[in-house]
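What follows is each chain in one-letter form.
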Amino acid sequence: MLDACLNPELAAEITCQPVRRHGVDAAVFFSDIMVPLALAGVDVSITSGIGPVIKQPVNSAAEVNKVVQRRLGDGSAVERAVALTVAELGEDTPVIGFAGAPFTLAAYLVEGRGTRDHLGARSLMHADPGAWDKLLTWCAELSGEFLRIQVAAGARAIQLFDSWAGSLPLADYVTRVAPYSRLTLESVSVPRIHFGTGTGHLLEAMAQCGSEAIGIDYRTPLDEAARRLPGMVLQGNIDPAQLAAGWDSLAAHTKDVVTRGRAAPAHVVNLGHGVPPGTDPAVLTDLVALVHEL
């Protein structure tokens with residue numbers, strides 16, 4: 001996975017394939033949350049059946065002090081991959097840049113891998129606020145630099161992806177996480193999308209972090225999100241489970257999502273999380289065509 005992300009020709013090819021095959025309106029740059037950490041020299045691998053694994057977790061003040069000395073390193077492969085993609089797709093199909101949010105990066109660093117409740121990260125947050133501030137600031141700056149490389153190469157919007165923020169109580173998110181997401185988002189000047197999973201209880205706080213759009217996962221109806229976030233552009237939120245539920249169910253669900261999305265000032269139709277690996281690609285092509293009809 002990481003090798004593919006850092007091979008410019010391959011990353012550009014993977015980014016362009018959904019545009020060619022399914023006719024989507026924008027391309028999301030093919031990358032991974034772990035790429036900035038790898039470029040900063042963190043020993044990380046992506047293991048089948050597990051996901052990202054950090055060889056030496058950062059779970060003490062001493063380890064934090066070590067890791068924050070690292071810098072992003074050579075981002076030329078990412079820059080070239082975005083430039084190749086932009087050149088192939090032209091002006092009509094924008095490229096959306098991608099990065100992981102500071103809390104999600106920190107959660108992986110502290111835990112060493114993905115966990116259900118992120119207890120280690122949440123414990124460090126409270127046990128040593130000074131170390132937490134150093135770590136989150138570093139993660140925010142790392143993600144910001146990673147996004148700026150993509151924007152400089154031609155990405156016309158970005159998405160900040162917070163996989164694990166949903167594990168946090170609102171008060172912890174507001175005081176210990178949101179300021180760092182804002183730091184990352186404010187580091188770029190193109191339109192910004194802020195997305196998290198399981199974050200229905202955090203939507204208002206996420207909307208204060210400086211993005212023009214909020215991604216809504218499949219758990220929160222878009223008309224409810226529009227009511228809670230007046231004036232905010234929404235992205236989402238077709239349930240990925242519907243992709244394997246048969247066309248009649250998927251089509252009805254999609255029409256409902258699009259109808260509810262009309263309550264927002266603008267709506268970027270998307271899934272409410274990623275495409276499951278076993279999805280029939282033909283279903284995606286038909287889904288895009290349906291959305292274009294609607």
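Heads up: the structure comes first, above all this text.
Bear in mind the structure is a predicted one, so any value in this text is a computation, not a measurement. (Residues numbered from 1 in each chain as written. Predicted model: local features only at pLDDT ≥ 70, side-chain atom pairs only at ≥ 80, totals over all residues. Heavy atoms only, no water.)

### Structural notes on the layout of surface pockets
Link 1 in the chain: Of the volumes computed, that of the second largest pocket is approximately 200 Å³.
Link 2 in the chain: It is helix H4 (residues 61-67) that contributes the most residues to the lining of the second largest pocket, 3 residues altogether.
Link 3 in the chain: Tallied by class, the residues present in the lining of the second largest pocket amount to 5 nonpolar, 2 polar and 4 charged. (1 Å grid on protein atoms, 1.4 Å probe; cavity = no way out; pocket = protein on both sides within 12 Å on 5 of 7 lines; lining within 4 Å. Points joined across faces, edges and corners; volume = space filled by probe spheres on them. Helix = DSSP H or I, 4+ residues; strand = E, 2+ residues; numbered from the N terminus. Nonpolar A, V, L, I, M, F, W, Y, C, P; charged D, E, K, R; others polar.)

### Things to note about the nonpolar core
Link 1 in the chain: Counting residues in each nonpolar core, the largest one holds 90 residues, and the members touching the most others are Met 34, Leu 37, Leu 109, Leu 135, Trp 138, Tyr 173 and Leu 234.
Link 2 in the chain: With residues up to four places along the chain from it excluded, the contact list for Trp 138 reads Leu 37, Ala 40, Val 42, Val 67, Val 68, Arg 70, Arg 71 and Leu 109. (Core = buried A, V, L, I, M, F, W, Y, C linked by side-chain atoms within 4.5 Å. Buried < 20%, exposed > 50% of the residue type's maximum accessible area, 1.4 Å probe, protein only. Contact = heavy atoms within 4.5 Å.)

### Some details on the packing of aromatic side chains
Link 1 in the chain: What the rule picks out here adds up to 4 aromatic pairs.
Link 2 in the chain: When the centroid spacing of 6.2 Å and the interplanar angle of 45° are considered together, the rings of Phe 98 and Phe 161 count as tilted. Of this pair, Phe 98 sits in strand E4 (residues 95-100) while Phe 161 is found in strand E5 (residues 157-162), placing the two residues 63 residues apart along the sequence.
Link 3 in the chain: Look at Phe 98 and you get buried, because its relative accessible area is 12%.
Link 4 in the chain: Residue classification places Phe 161 among the buried positions, given a relative accessible area of 15%.
Link 5 in the chain: A network of ring pairs unites the aromatic residues Phe 98, Phe 161 and Phe 195 as a single cluster. (Phe/Tyr/Trp six-rings, centres within 6.5 Å; stacked < 30°, edge-to-face > 60°.)

### Thoughts on the pattern of salt bridges
Link 1 in the chain: According to the stated counting rule, one finds 11 salt bridges in the structure shown.
Link 2 in the chain: Note that Asp 256 is salt-bridged to Arg 260, the shortest N-O span being 2.8 Å. In this pair, Asp 256 and Arg 260 are both assigned in helix H13 (residues 247-261), 4 residues apart and thus about one turn of the helix distant.
Link 3 in the chain: The exposure class assigned to Arg 260 is partly exposed, which follows from its relative accessible area of 31%.
Link 4 in the chain: Taken together, the shared-partner salt bridges connect Glu 13, Arg 20 and Glu 88 into one network. (Salt bridge = Lys/Arg side-chain N within 4 Å of Asp/Glu carboxyl O.)

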